[in-house]
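Understanding the architecture of this molecule
The primary structure of each chain is shown beneath.
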Amino acid sequence: MDDNFDSIVKEKIRPYNILNNIFFILVIIGGFILAGKISTTYSYDTTGYFPVETTTTDNFTLFSVFISIVGSYSLLFVFIRVTILSYGEKIRANLYDQQIYSKLFEISLKE
């Protein structure tokens, strides 16, 4: 009966795990894009006939901003994962309670 409970619990929390993983991947991609935008500076050289745009990227800023964004969400990711697992344990406890109540009901009918 425990294996049946495990499959029910996994099925109930699967959408939350999938959404959490997708959001984590999006945060990594968005963090890299945001870090790139923050660490890139643009300058224009207007001494010539046509203005020339040059970009420079500070790699240390890029790395530090990216790590801080992803690191912050990693803590939130762990918190969300623990919340999902505790929800799964709550479902499992309710299933055990239902099983116990049905056994008690069967016993009461026999007496």
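Residues numbered from 1 in each chain as written. Predicted model: local features only at pLDDT ≥ 70, side-chain atom pairs only at ≥ 80, totals over all residues. Heavy atoms only, no water.

**Points about the packing of aromatic side chains**
For the structure shown, the criterion picks out 6 aromatic pairs. Plain terms: the ring middles of tyrosine 16 and tyrosine 87 are 5.9 Å apart, the flat faces sit at 85° to each other, and that makes the pair edge-to-face. Pair noted here: tyrosine 16 is in helix α1 (residues 2-39) and tyrosine 87 is in helix α2 (residues 59-110), with a separation of 71 residues, a long-range link. Under the relative-accessibility criterion, tyrosine 16 is labelled partly exposed at 43%. Note on tyrosine 87: relative accessible area 37%, which makes it partly exposed. Ring geometry for phenylalanine 32 and phenylalanine 66: centres 5.9 Å apart, planes at 85°, overall edge-to-face. In this pair, phenylalanine 32 is assigned in helix α1 and phenylalanine 66 in helix α2, connecting sequence segments 34 residues apart. An aromatic cluster of three or more residues is present, and its members are Phe23, Phe24, Tyr73 and Phe77. (Phe/Tyr/Trp six-rings, centres within 6.5 Å; stacked < 30°, edge-to-face > 60°. Helix = DSSP H or I, 4+ residues; strand = E, 2+ residues; numbered from the N terminus. Buried < 20%, exposed > 50% of the residue type's maximum accessible area, 1.4 Å probe, protein only.)

**Some points on the pattern of salt bridges**
Within this structure, the stated rule accounts for 3 salt bridges. For arginine 92, the salt bridge goes to aspartate 6, with nearest N and O atoms at 2.3 Å. Residue arginine 92 is located in helix α2, and its partner aspartate 6 is located in helix α1; the two are separated by 86 residues in the primary sequence. Aspartate 6 gets classed as partly exposed once you look at its relative accessible area, which sits at 28%. Among the salt bridges present, the one from arginine 14 reaches glutamate 11, with a minimum N-O distance of 3.2 Å. With arginine 14 and glutamate 11 both in helix α1 and 3 residues apart, this pair spans about one turn of that helix. (Salt bridge = Lys/Arg side-chain N within 4 Å of Asp/Glu carboxyl O.)

**Considerations on the confidence of the model for the protein chain**
In this model, the protein chain carries a mean pLDDT of 84, and residues with pLDDT of at least 70 account for 96%. Within the protein chain, α2 carries the highest mean pLDDT (87), whereas strand β2 (residues 52-57) carries the lowest (78). (pLDDT = per-residue confidence, 0-100.)

**Here we look at the environment of tyrosine 73**
Assignment of secondary structure puts tyrosine 73 in helix α2. In the structure, tyrosine 73 is positioned 27 residues away from isoleucine 100 in sequence and 40 Å away in space, judged by C-alpha atoms. Leave out the neighbours within four places in its chain, and tyrosine 73 touches Asn20, Phe23, Phe24, Val27 and Ile80. There is a polar contact of 3.3 Å between the side chain of tyrosine 73 and the side chain of asparagine 20. (Contact = heavy atoms within 4.5 Å. Polar contact = N/O pair within 3.5 Å; in protein donor to acceptor, adjacent residues only side chain to side chain.)

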